[in-house]
Amino acid sequence: MGLTALIESGMEATAATELLLNVVWTIVGAILVYFMQAGFAMCEAGFTRAKNTGNILMKNMMDFVLGSLFFFIFGFAIMHGSDWNGIIGSTGFLDPTKLADADGLFNGLPIGVFIIFHTVFCATAATIVSGAMAERTKFIAYLFYSAAISIFIYPVSGHWIWGGGFLSQMGFHDFAGSTAVHMVGGICALVGAKILGPRIGKYGKDGNVKAIPGHNLSIAALGVFILWFCWFGFNCGSTTAATTNIGDIAMTTNLAAAAATLAALIVTWIRYGKPDVSMTFNGSLAGLVAITAGCDCVSNVSAIIIGAIAGVLVVFSVEFFDKAAKIDDPVGAISVHGVCGATGTLLTGIFSPDYSFTPQLIGVAATAAYVFVMAFIIFTIINKTVGLRVTKEEELDGLDIHEHGCSAYADFNFRL
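Asker: Let's hear about the layout of surface pockets: which residues, and what values?
Answerer: Computed from the structure, the largest pocket encloses a volume of approximately 690 Å³. Lys202, Ser278, Val318, Asp322 and Pro330 are, among the 28 residues lining the largest pocket, the residues nearest its centre. For the lining of the largest pocket, the elements supplying multiple residues, two or more each, are α2 (13–47), α10 (277–291) and α11 (300–324). Of the residues forming the lining of the largest pocket, the biggest block, five residues, is contributed by α11.

In structure tokens form, the structure reads like this:
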């Protein structure tokens, strides 16, 4: 509906113009968040081996495909339908457009705009798991998981946080999804990677870690640059309105990412003797994840501090899961999204003058507990039925050949 039609329908010119600007800005944000799928695909492909590249690309594509369908049919209703006891949405199943008011609006936006914006967020939560379970997961098993998170995990915790559930009622604040998206995906990644087990050759008989380098740092770096770019849509777009604080949100987002990148570089330079490329780029993502919860309500200086903390933390977290916990996470998704997502949410309660620490702690703990239990149930069921892991021969040859009958790099020999 254009401006003239809105005015003719009885809406004042100023209100009609404001609505159209909000629609345009929210759609731009949604498009940028959708393009994060390309960033995740490149990042994960670059940080893993060439023989599994096609499989990585397929999983990132199917996360969005399945997320779009199942979130529309079930997830949006669970997340944004009429609240039932602060726990779950109860209306809008099969056709969430029915949740719109008489003017076709939902939360001040045309219902289609609101649905597509939250659809791309759902797909982002699902795709985080892809990297942590890379190089040894059955494709069919991953499809089942991707659908499950879009129905049973993300929408429920999302309702608690963004759909009027009990966490939002107690004052929990997660502006763009440090917990609702990133920690949820990170915990699912943790559970999935633990049940799946490490890649062949990751640990020696003595338990020592053996590095398995990714095949293309250029592609991984491209993925990180894309994600940083798209994060402005992720955070600034979460206003779902063309408000005057978009620039402030962009500033805190950028400063946190920059501080985290520099912090990770310095820590790895001191710790390893040289500035580590992959860890530095993961530091960028760690800062972006951490600031996402409070990007709208912390100062620029606070954003730098939050980012720096995340940049240091991600280095030691990756080492912990790799060496102490013996959980093989090829791209560091558990640390970047899970650990830094939770940390950024908690730090919002410390650095924001508008929110307190206790609701932030309760929100992180409640969400983490629910996601952990549900992810364990889902992955266990999948493992006991279709099975999670490919055979030893399939893993050694590469998933591209056995799962998809092709190679992302024709005529290369990848049996390593």
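What follows picks up the thread again.
Asker: Quick one: what's the story with a nonpolar patch on the surface, residue by residue and with numbers?
Answerer: On the surface, Phe372, Val373, Phe376, Ile377 and Ile381 cluster together into a nonpolar patch covering about 460 Å² of accessible area. Relative to the elements of secondary structure, Phe376 occurs in helix α13 (residues 357–384). Since its relative accessible area comes to 44%, Phe376 is described here as partly exposed.

Asker: Outline the packing of aromatic side chains, listing residues and values.
Answerer: Applying the stated rule across the entire model yields 16 aromatic pairs. With centroids separated by 4.7 Å and ring planes inclined at 65°, the aromatic side chains of Tyr34 and Phe64 adopt a geometry described as edge-to-face. With Tyr34 in helix α2 and Phe64 in helix α3 (residues 53–80), the pair connects residues that are 30 residues apart, well separated along the chain. Centre to centre, the rings of Trp231 and Phe234 are 5.6 Å apart; their planes meet at 45°, and the pair counts as tilted. A residue pair is termed a helical-turn pair when its members lie 3 or 4 positions apart in one helix, as Trp231 and Phe234 do in helix α8 (residues 217–236) at three residues. The rings of Phe71, Phe76, Phe106, Phe114 and Tyr154 are connected pair by pair, giving a single aromatic cluster. Here the guanidinium or amino end of Lys59 rests over the ring plane of Tyr142, the centre of that ring lying 4.9 Å away.

Asker: Describe the side chain of Lys202, with residues and values.
Answerer: Looking at the secondary structure, you find Lys202 in the loop between α7 (178–196) and α8. Discounting residues that sit within four places of it in the chain, Lys202 has contacts with Asn208, Val209, Lys210, Ile212, Asp322 and Asp328.

Asker: Give me the environment of Ala125: which residues, what numbers.
Answerer: Checked against the element boundaries, Ala125 lands in helix α4 (residues 111–132). The spacing of Ala125 and Ile195 is 70 residues in sequence and 19 Å in space, taken between C-alpha atoms. Contacts of Ala125, omitting those with residues within four sequence positions, involve Tyr145, Ile149, Tyr154, Val181 and Gly185.

Asker: Go over the environment of Ala30, please, and point to the residues and values.
Answerer: Along the chain, Ala30 turns up in helix α2. You can call Ala30 buried: its relative accessible area is 5%. Distance in space between the C-alpha atoms of Ala30 and Leu285 is 19 Å, their sequence separation being 255 residues. In this structure, Ala30 is in contact with Ile116, Phe117 and Val120, ignoring residues within four places of it in sequence.

Asker: Give me the lowdown on α7, citing residues and values where you can.
Answerer: If you check α7, its first and last C-alpha atoms are 25 Å apart, about what 19 residues at 1.5 Å a residue would give, namely 27 Å. Judged by how many residues are buried, α7 sits mostly within the fold: 16 of 19 residues are covered. Following α7 by one or two positions, Gly197 adopts a phi angle in the positive range, close to 90°.

Asker: Quick rundown of empty space enclosed by the protein? Include the residues and the values.
Answerer: Per the stated rule, a full pass over the model turns up one cavity of 30 Å³ or more. As a volume, the largest cavity reaches approximately 90 Å³. For the largest cavity, the full set of lining residues is Phe40, Cys43, Glu44, Ile128, Asn282, Leu285, Val331, Gly332, Ala333, Val336 and His337. Among the elements of the structure, α2, α10 and α12 (333–351) are those that each provide at least two residues to the lining of the largest cavity. Split into classes, the residues belonging to the lining of the largest cavity amount to seven nonpolar, three polar and one charged.

Asker: Can you tell me about the pattern of salt bridges, naming the residues and giving the values?
Answerer: Within this structure, the stated rule accounts for six salt bridges. Of the charged contacts, one joins Arg389 and Glu395 as a salt bridge, the two residues approaching to 2.8 Å between their closest N and O atoms. A relative accessible area of 26% places Arg389 in the partly exposed class. Assessed through its relative accessible area of 3%, Glu395 is described here as buried. Here the residues in one salt-bridge network are Arg49, Glu135, Arg199 and Asp328, joined through shared partners.

Asker: Got a sec to walk through the side chain of Lys51? Specific residues and values, please.
Answerer: Mapped onto the elements of the fold, Lys51 is located in the loop between α2 and α3. An unpaired buried charge is present at Lys51: no salt bridge exists, and Glu135, the closest side chain of opposite charge, is 6.2 Å distant. Within the structure, the side chain of Lys51 is placed 3.4 Å from the backbone oxygen of Glu395, a separation counted as a polar contact.

Asker: Go over the packing of α8 against α10 with me, naming the residues and quoting the values.
Answerer: Here α8 crosses α10 at 10°, and the two axes come no closer than 10 Å. Comparing their axes, α10 and α8 come out roughly parallel. For the pair α8 and α10, the sense of crossing is left-handed. Here α8 contributes Leu217, Ala221, Val224, Phe225, Leu227, Trp228, Trp231 and Asn235 to the contact with α10, which in turn contributes Val277, Ser278, Phe281, Ser284, Leu285, Leu288, Val289 and Ile291. Residue composition of the contact of α8 with α10, grouped by class: 13 nonpolar, three polar and no charged.

Asker: So what about the state of the cysteines? Which residues, and what values?
Answerer: Per the counting criterion, the structure on display carries zero disulfides. Its sulfur unpaired, Cys188 is 11 Å from the next cysteine sulfur, which belongs to Cys122. We classify Cys188 as buried; its relative accessible area is 0%. Cys295 provides the cysteine sulfur closest to Cys297, a residue in no disulfide bond, and the two sulfurs are 7.7 Å apart.

Rules of the game
- Residues numbered from 1 in each chain as written.
- Predicted model: local features only at pLDDT ≥ 70, side-chain atom pairs only at ≥ 80, totals over all residues.
- Heavy atoms only, no water.
- 1 Å grid on protein atoms, 1.4 Å probe; cavity = no way out; pocket = protein on both sides within 12 Å on 5 of 7 lines; lining within 4 Å.
- Points joined across faces, edges and corners; volume = space filled by probe spheres on them.
- Helix = DSSP H or I, 4+ residues; strand = E, 2+ residues; numbered from the N terminus.
- Patch = residues over 30% accessible without salt bridge, like charges linked within 9 Å, V, L, I, M, F, W, Y side chains within 5 Å.
- Areas by Shrake-Rupley, 256 points an atom, 1.4 Å probe, with all protein chains shown as cover.
- Salt bridge = Lys/Arg side-chain N within 4 Å of Asp/Glu carboxyl O.
- Buried < 20%, exposed > 50% of the residue type's maximum accessible area, 1.4 Å probe, protein only.
- Phe/Tyr/Trp six-rings, centres within 6.5 Å; stacked < 30°, edge-to-face > 60°.
- Lys NZ or Arg CZ within 6 Å of the ring centre and 35° of its normal.
- Contact = heavy atoms within 4.5 Å.
- Expected span 1.5 Å × (residues − 1).
- Nonpolar A, V, L, I, M, F, W, Y, C, P; charged D, E, K, R; others polar.
- Lys, Arg positive; Asp, Glu negative; His and termini not counted.
- Polar contact = N/O pair within 3.5 Å; in protein donor to acceptor, adjacent residues only side chain to side chain.
- Axes fitted to C-alpha atoms, helices over the stretch in contact; angles between N-to-C directions.
- Parallel < 35°, antiparallel > 145°, perpendicular 65-115°, else oblique.
- Left-handed = near helix turned anticlockwise from the far one by under 90°.
- Disulfide = S-S within 2.5 Å.

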